[in-house]
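Observations on the model geometry
Now for the letters of each chain:
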Amino acid sequence: MITLRAEHARAAEAPAADKTQPVVASLSADRATITVAGEPFAVYQFHSGHQPVVWPIVGPAGEAMTRQYPFDAKLPTEQDDHPHHRSLWFNHGSVNGLDFWMEPEAGDKGPQIVQRTIVVQDDAADDASACLVTTNDWMNSGKKVCEDLRRICFSTDAEGRWIDFTVTVKASDGELLFGDTKEGSFGIRVPGEFDVDAKRGGQIRNSHGQVDGDAWGRSAEWVDYHGTIDGKPAGIVVFDMPDSFRHPTRWHVRTYGLFAANPFGNSDFPAGDSPQGEVRLAPGDELTLHYRVLFYSGKRTAEQIGAIYREITAKPTAP
């Protein structure tokens, strides 16, 4: 069941926004469309492949900020690998032994995440942000495994466009085990132009100064994946917020274009960083993850990104 309604709520958990750029979320039967001053920003698709996803995502200068494949034919700069990498998503590769990372074969009723409800939250004092609140059931062959509650806020400011993604996973249907695997969890597939392996100028860097392949599996407060789109510089930063489970998280960020925060993987990752691994929740227990994503045009230095991180983490979050 999909619930379509609007309600007033607290201000979005997002950076102070430019009041001249109103952000609006509009619901239809299968998606929420987000616009900035009437121009496209993002579409939250209630079901794509085996889960809800965000695609497309449009940057401040009109750039396509994530890979087009598999939603449409791959672009010349893209690879047609990993069709389960659908723009921006949240899942995990081992949940009670079930793989929610990979897509089931066609017709298979295996692991999938099914949206149950969605509402739009407005704030009359802040038209420069819009939030979606959704509940989702993690299903396998018709049986519910667990559920999550997501609050996804879209906003814009002088730094670029933002998606603030908070998800609380609850052991609603018995004991829940999030297993130790690199295949998770909050993921983005960057545009093909950013692909480091293609040697077009793409680069990965993190808050500890590690770059490209050296950033894989490491813990960090933030990771930046940048390059050029149509010859113009742009990038994506994912900030692991201090209230997120196992902050600072470790990152399953690959030089071919996968960009994922994973607080559960440990044994696959390099030794010596923050210990992670499996998490077992007793019935009724829950955990919360919180990531803030900046899509920017132009160039940002590591010092500038660090300053942004200090600014956004210094602000209190809404209760």
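It should be noted that the structure appears before, not after, this text.
Quick look at the structure, then.

Rolled over the atoms, a probe as big as a water molecule pinpoints where empty space is left. Summed over all chains, the structure comprises two cavities of 30 Å³ or more. Approximately 50 Å³ is the volume attributed to the largest cavity. Arg67, Thr77, Glu78, Gln79, Arg189, Val190, Pro191, Gly192, Asp195 and Tyr256 are the residues that line the largest cavity. For the lining of the largest cavity, a count of residues per class yields three nonpolar, three polar and four charged.

Attention now goes to the environment of alanine 25. Looking at the element boundaries, alanine 25 is found in strand 2 (residues 23-27). Spatially, the C-alpha atoms of alanine 25 and valine 237 are 23 Å apart, while their sequence positions differ by 212 residues. Setting aside residues up to four positions removed in sequence, alanine 25 forms contacts with Thr33, Ile34, Val120, Ala130 and Leu132.

Moving on, we get to the environment of glutamate 183. With respect to the helices, strands and loops of the structure, glutamate 183 is situated in the loop between strand 11 (176-178) and strand 12 (184-189). Each C-alpha atom, one on glutamate 183 and one on alanine 261, is 9.9 Å from the other, the two residues being 78 residues apart in sequence. Apart from residues lying up to four places away in sequence, glutamate 183 is in contact with His92, Gly93, Trp101, His252 and Asn262. Of the polar contacts made by the side chain of glutamate 183, one reaches the side chain of tryptophan 101; its length is 3.2 Å.

In the structure shown here, the tally under the stated rule is one disulfide. There is a disulfide in this structure between cysteine 131 and cysteine 153, and the S-S distance comes to 2.2 Å. Here cysteine 131 and cysteine 153 share a disulfide; its torsion about the S-S bond, 105°, makes the bridge right-handed. Here cysteine 153 lies in strand 9 (residues 143-157) and cysteine 131 lies in strand 8 (residues 129-140), a separation of 22 residues in the sequence. With respect to class, cysteine 131 is no different from cysteine 153; both count as buried.

Judged by how many residues are buried, strand 9 sits mostly within the fold: twelve of 15 residues are covered. Here twelve bridges tie strand 8 to strand 9, and the two strands are oriented antiparallel to one another. Its bridge partner lying in strand 9, alanine 130 is registered against phenylalanine 154. Remark: two residues form the turn of the hairpin made by strand 8 and strand 9, two consecutive strands paired antiparallel; serine 141 in that turn has positive phi of roughly 50°.

For the structure on display, the rule yields 16 aromatic pairs. The interplanar angle of 40° and the centroid separation of 4.8 Å between the aromatic rings of phenylalanine 178 and phenylalanine 264 together place this pair among those described as tilted. Pair noted here: phenylalanine 178 is in strand 11 and phenylalanine 264 is in the loop between strand 17 (258-262) and strand 18 (279-281), with a separation of 86 residues, a long-range link. Judged by its relative accessible area of 0%, phenylalanine 264 is buried. Counting every residue linked through ring pairs, the aromatic cluster contains Phe90, Phe100, Trp138, Phe178, Phe245 and Phe264. Arginine 86 extends its terminal NZ or CZ atom over the ring of phenylalanine 71, reaching a point 5.7 Å from the ring centre. Geometry around phenylalanine 41 places arginine 161 over its ring, the cationic atom sitting 5.3 Å from the centre.

It is worth spelling out the pattern of salt bridges at this point. On inspection of all chains with the given rule, the structure shows 17 salt bridges. Across the pair glutamate 147 and arginine 116 runs a salt bridge whose closest N-O atoms are separated by 3.3 Å. You can see glutamate 147 sitting in strand 9 and its partner arginine 116 sitting in strand 7 (residues 112-122), a full 31 residues away along the chain. For the salt bridge of glutamate 175 with arginine 280, the shortest nitrogen-to-oxygen distance reads 3.2 Å. Taken together, the residues span a long stretch of sequence, with glutamate 175 in the loop between strand 10 (160-170) and strand 11 and arginine 280 in strand 18 at a distance of 105 residues. Shared partners join several salt bridges into a network, and the residues in it are Arg116, Asp137, Lys144, Glu147 and Asp173.

Further remarks concern helix 1 (residues 302-314). Since there are 3.6 residues in each turn of an α-helix, residues three or four apart along the chain are aligned in direction. Spanning 13 residues, helix 1 covers 18 Å between terminal C-alpha atoms, matching the ideal 18 Å at 1.5 Å per step. Of all the positions in helix 1, only Ile305, Gly306, Ile308, Tyr309 and Ile312 are classed as buried. Down the axis, helix 1 shows its buried residues gathered within 160° of arc, on one side only. Facing away from the buried side of helix 1 by over 90 degrees, the exposed positions are Glu303, Arg310 and Ala314. For helix 1, the secondary structure elements touched by its buried residues are strand 10, strand 13 (203-206), strand 14 (222-229), strand 15 (232-240) and strand 19 (286-297).

Here the amide bond leading from tryptophan 55 into proline 56 is cis, since omega sits at -5°, within 30 degrees of zero. With respect to the helices and strands, the residue proline 56 is situated in strand 5 (residues 51-57). Between glycine 184 and serine 185 the backbone carries a cis peptide bond, its omega angle lying at 0°. Its place among the elements puts serine 185 in strand 12. One non-glycine residue, serine 141, lies in positive phi territory at about 50°. If you trace the backbone, serine 141 turns up in the loop between strand 8 and strand 9. Residue class for serine 141 comes out exposed when judged on its relative accessible area of 54%. The phi torsion at arginine 246 lies on the positive side, around 60°, for a residue other than glycine. Mapped onto the fold, arginine 246 is located in the loop between strand 15 and strand 16 (250-253). For arginine 246, a relative accessible area of 25% translates into the label partly exposed.

So, how was this worked out
- Residues numbered from 1 in each chain as written.
- Predicted model: local features only at pLDDT ≥ 70, side-chain atom pairs only at ≥ 80, totals over all residues.
- Heavy atoms only, no water.
- 1 Å grid on protein atoms, 1.4 Å probe; cavity = no way out; pocket = protein on both sides within 12 Å on 5 of 7 lines; lining within 4 Å.
- Points joined across faces, edges and corners; volume = space filled by probe spheres on them.
- Nonpolar A, V, L, I, M, F, W, Y, C, P; charged D, E, K, R; others polar.
- Helix = DSSP H or I, 4+ residues; strand = E, 2+ residues; numbered from the N terminus.
- Contact = heavy atoms within 4.5 Å.
- Polar contact = N/O pair within 3.5 Å; in protein donor to acceptor, adjacent residues only side chain to side chain.
- Disulfide = S-S within 2.5 Å.
- Buried < 20%, exposed > 50% of the residue type's maximum accessible area, 1.4 Å probe, protein only.
- Pairing = 2+ DSSP bridges.
- Phe/Tyr/Trp six-rings, centres within 6.5 Å; stacked < 30°, edge-to-face > 60°.
- Lys NZ or Arg CZ within 6 Å of the ring centre and 35° of its normal.
- Salt bridge = Lys/Arg side-chain N within 4 Å of Asp/Glu carboxyl O.
- Expected span 1.5 Å × (residues − 1).
- Arc of directions from axis to C-beta.

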